[in-house]
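Overview (structure and organization)
Each chain is listed here by its residues.
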Amino acid sequence: MIGYRAKGYRLAALFMLGAVLFNYPILSLANLNRMVWGIPLVYLYLFLVWGLLIFLMVLVTRRKPKISIKKRHYPK
Amino acid sequence: MLATETILFYSFGYMGLLFAIAYYGDKRADAGRSIISNPYIYALSLAVYCTAWTFYGSVGLATRSGPRFLTIYLGPTLMAALGWVVLRKIIRISKVHRITSIADFIGSRYGKSTTMGYVVTIIAVLGVVPYISLQLKAIAVGFLLLKSYPFHSMTAKFADFPMFQDTAFYVALILAVFAILFGTRHLEATERHEGLVAAIAFESIIKLVAFAAVGVFVTYGMYDGFGDIMHRAREIPELRRIFVSPPESGDSADWGIYIFLSMMAILCLPRQFQIAVVENVNEDHLNKAIWLFPLYLLAINIFVVPVAFGGVLHFSYGIVDADTFVLTLPLTRHQTALALFVFLGGMSAATGMVIVETVALSTMISNHLVMPILLRLPFPQFARRTDYSSLLIITRRAAIVLVLLLGYAYFRYIGEFYALVSIGLISFAAVAQFAPAILGGIFWKGGTRAGALCGLLAGFGIWLYTLVLPTLVHAGHLPYSFVADGPYGIGLLKPYQLFGLQGFDSISHAVFWSMLFNVATYVGVSLFGPVRPIEHTQAALFVDVYKYSGAPGESSFRRGTASVFEIKSLLRRFLGKKRTEEGLAQYAEQHQINWKKEMVADSGLVDYAEKMLAGAIGSASAHVMVSSVVKEEPLGIEEVMGILDETRQVIEYSHELEKATAELKAANERLKELDRLKDEFISTVTHELRTPLTSIRSLSEIIHDTPDIDREKLNTFSEIIIKESERLTRLISQVLDFHKFESGRMDWQFTWIDLRDIIDDALAATHQLIRENNIQVSRHLPAQLQTVPGDRDRLIQVMLNLISNAVKFCEPQNGKIEITLNETPDHVRINIKDNGIGISPENQKIIFEQFKQVKDIRRGRPVGTGLGLTISRRIIEFHKGKIWVKSEAGQGAVFSFTVPKGNSL
């Protein structure tokens, strides 16, 4: 269960990271009338953070938990 | 531009393809080779979240509010990260409890409540109807646009058309048919819909590809890439304005609330629950899905901004409804094939949503609205019905038609005045009301039925007032002053500025107030309101699901039995014969039960039956039905508390620990005492051994060192040496005897014995000792005596012991020992009386204990090992007799022992 729990904590941490980066006041730092690489900064910022978050989620979930849970039987 | 026939042909062709996929998926599932059992299909099917709103509406919202449209996808991305904690728990709970819908989930959590089921179902239907109407609108608009562009302006009112020429009405009917075909094809009501999921996953691919196609066409076909569009857009003031999130007042609050709202929606929308929880094949699919799903959302949003800006650049502001850019842009360039593909993409987004949503809602309506009412109706012919399964299916089909007609009605009378996104957000705000009850329900055991019910009703009430009533105003059904001045002119009750709150848009305003009231009421009433025992039970089962879900039988505290026959016939009524037999056979196999022999269904089987039934008619109804045949032993409040109250468990546990510790302590004390006794024993024994040894050795040395020792002295010395050696021998043999007794290895040789012989033999053996001490011995023995069974040598040993003791303690000069023997019907008793110093009462108790010697100050250490009386007692007890002493200090002592006659053995 250790692996499962650690994964839960890591993902919860990613949630908090995303919640902070996607929201004001951090968002106001990127919400400027400026273009970067020909794209308005706020769009670029949101998509980059979004992509980064997904990438981090891939990293966290790719690690296999050390103990596998045995198959459970449910009534059908 | 396109012939109606062409559009219809492709539309129905597409639907036919979907149906083929669903059919194939079902067939594979029946064959046991599921095509949906992998994380990719699971993630794609989750993308049913992206509806016509995403497909058409995001572009429209982007032209109005810039990046705001992204909040609807950032929320679910964040929720996906929490999915491992939240969604996995919901999935596990739902699997264990065979939960089929969100109403079932909430109802089951709060004490299998039927009332909760009603409320959740009604809120879900009312909340989601606008959302369904949005899909109808999107398909109808797309269809008309494709057919008559550019002659038909997007702003025309559909309400002007007579009903039977109204495309949306036909769309609703066709979708109803498809939803029925997809969702309720099986007569078995409980199966997961593998085919449906396969079709939804396919639709997700189509809508993504279609949107990407139009995105690429606009970005690279009509313009020269992202940079080009942005560069041109910069020249347009209206577009430059939305290069940032518009910094009007309240935007930061709105932004956060929108993200929050979409987070709650992805969890609480009935269709998301259906796909993510009910249709989930394997919990572990979450592993990949929690990043695949956000990736899908990101992908489908990449081209929103270029299409929005490109559309505004092409048409300039306000001429064409921005919600239709994805269709109108290809059409202006005469790309009819692309436009048709995009239309199919939009249709896939809309149909996917409608089909899953109506299937989910129909399950809720039939299980939580219709069935509970029907089962409570006092119609005897209904209660006697032997087969409900077809009735269930009919109810569900009717519910699908009803929901779609409601959607059409909403569209016709209210919805067409709104942009797609606004309609969708109204639905989001409605289903978000479930979030406190769900999240509180899985993480907080204290949440009660009353709390959840009041919270839901409070939140729903606020939602109705702040979002739904104003839409009636806009549609002209209520006077405008209701919004502008508040009802009856009360300014504090203005639906868009409740209690005077300003600075929010209408959606975030409604979300803020409704969630505040919802959560506050939920928590408040839960903490201070009433609770029933079953709520405790369910709360524990939900919150601690990982703890209790080891095996199916463990996930319930139901106690009660029923007859197997009753259980069987109950299951048959709802599930049909085949599924009942299958289910029971499976249970029998797992628990090795022979149904032919088994007459009484134990609580495990009752619980299993209830879960089987819950899959078909929902947990609340299943609970009622099973309870009707079960002789339930009421679950006592103590037991519930015992089960739930972890503190109590811990206390009990520590009590046990304390008890064990105390036992250990006692054992340790005993060991210590034994150890002490052993030490004492060894020191006593060695001392006793050393005293004679010392005298033997010193006397031998004198004899050895003095060659001219006179004869008399030599005699005396050697006599002492002999006596001391005898004493040593006696001592050693006593220790050995004692050891034999203690370890139980003594050999006993029982014969019939005359106890008078024993006395004579013992006196003969101690003759020397008695004479030396000038003691007079008198015997009083009867003439006739019955023989007793006993070990001769051992009994002599006892006699010897007692006599030598008596000799030891007799008065030195005038010693008298009196031995008497008398007979009772069962025993022969021997008494040995001396006239010595006597034994004090406290010493009488201990002299038979091992190593206890009476220490007499006047005479110093007594001679002996302290084992003699102990050994004597062991011997007498082995003969089932008794040994004791009577004495008063200074008056001598009487040692007595009895040996039972053979007849009493």
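Refer to the preceding data block for the structure.
Let us look at the structure shown here. (Residues numbered from 1 in each chain as written. Chains lettered and ligands numbered in written order. Predicted model: local features only at pLDDT ≥ 70, side-chain atom pairs only at ≥ 80, totals over all residues. Heavy atoms only, no water.)

Some details on the interface of chain A and chain B
Bring the parts together and some accessible area is lost; that lost area is often taken as the interface size. Taken residue by residue, the interface counts 36 residues in chain A and 55 residues in chain B. Where chain A abuts chain B, roughly 4100 Å² becomes buried across the two surfaces, and 71% of that area is made up of carbon and sulfur atoms. Inspection of the region where chain A meets chain B yields four residue pairs in polar contact (both at pLDDT 80 or more). Taken together, the elements giving at least two residues each to the side of chain A that touches chain B come down to helix 1 (2-21), strand 2 (39-40) and helix 3 (41-62) of chain A. The biggest single contributor to the side of chain A that touches chain B is helix 3 of chain A, with 11 residues. Here the side of chain A that touches chain B is built from residues that sort into 24 nonpolar, nine polar and three charged. (Contact = heavy atoms within 4.5 Å. Buried area = accessible area lost by both parts, 1.4 Å probe. Polar contact = N/O pair within 3.5 Å; in protein donor to acceptor, adjacent residues only side chain to side chain. Helix = DSSP H or I, 4+ residues; strand = E, 2+ residues; numbered from the N terminus. Nonpolar A, V, L, I, M, F, W, Y, C, P; charged D, E, K, R; others polar.)

Some details on a nonpolar patch on the surface
Residues and elements named next belong to chain B. Taken together, the side chains of Tyr 488, Ile 490, Leu 492, Leu 493, Phe 499, Phe 512, Leu 516 and Phe 517 define a hydrophobic patch exposed on the protein surface, amounting to about 790 Å² of accessible area. Inspection of the secondary structure puts Tyr 488 in the loop between helix 23 (481-484) and helix 24 (506-528). For Tyr 488, a relative accessible area of 83% corresponds to the exposed category. (Patch = residues over 30% accessible without salt bridge, like charges linked within 9 Å, V, L, I, M, F, W, Y side chains within 5 Å. Areas by Shrake-Rupley, 256 points an atom, 1.4 Å probe, with all protein chains shown as cover. Salt bridge = Lys/Arg side-chain N within 4 Å of Asp/Glu carboxyl O. Buried < 20%, exposed > 50% of the residue type's maximum accessible area, 1.4 Å probe, protein only.)

A closer look at the pattern of salt bridges
When the charged atoms of two side chains with opposite charge come close together, those side chains can pair. All names here are of chain B. The tally for this structure, following the rule as stated, stands at 13 salt bridges over all chains. In this structure, the salt-bridge partner of Glu 283 is Arg 92, at a minimum N-O distance of 2.5 Å. Residue Glu 283 is located in the loop between helix 13 (270-278) and helix 14 (286-301), and its partner Arg 92 is located in helix 5 (residues 86-97); the two are separated by 191 residues in the primary sequence. According to the relative accessible area criterion, Glu 283 is buried, its value standing at 11%. Residue Glu 673 is joined to Arg 676 by a salt bridge in which the shortest nitrogen-to-oxygen separation is 2.9 Å. Of the two residues, Glu 673 and Arg 676 both sit in helix 31 (residues 646-705), three residues apart, roughly one turn of that helix. Each of Arg 88, Arg 92 and Glu 283 takes part in salt bridges that share partners, so that together they form one network.

Observations concerning unusual backbone geometry
A cis amide bond, omega 5 degrees, links Tyr 24 of chain A with the succeeding residue Pro 25 of chain A. Note on placement: Pro 25 of chain A falls in the loop between helix 1 and helix 2 (26-30). Non-glycine residue Arg 98 of chain B carries a positive phi angle of around 55 degrees. Tracing the chain through its elements places Arg 98 of chain B in the loop between helix 5 and helix 6 (102-109).

Regarding the packing of aromatic side chains
For any pair of aromatic rings, geometry is given as the distance between the ring centres together with the angle between the planes. Residues and elements named next belong to chain B. Evaluated as defined, the whole model comprises 30 aromatic pairs over all chains. Their ring planes at 80 degrees and their centres at 5.0 Å tell us that Phe 499 and Trp 513 sit as a pair that is edge-to-face. In this pair, Phe 499 sits in the loop between helix 23 and helix 24 while Trp 513 sits in helix 24, placing the two residues 14 residues apart along the sequence. On the basis of relative accessible area, Trp 513 is assigned to the buried category, the value being 12%. Ring-pair connections join several aromatic residues into one group, and the members of that group are Tyr 49, Trp 53, Tyr 73, Tyr 131, Phe 293 and Phe 428. (Phe/Tyr/Trp six-rings, centres within 6.5 Å; stacked < 30°, edge-to-face > 60°.)

Taken by themselves, the reported measurements are silent on function.
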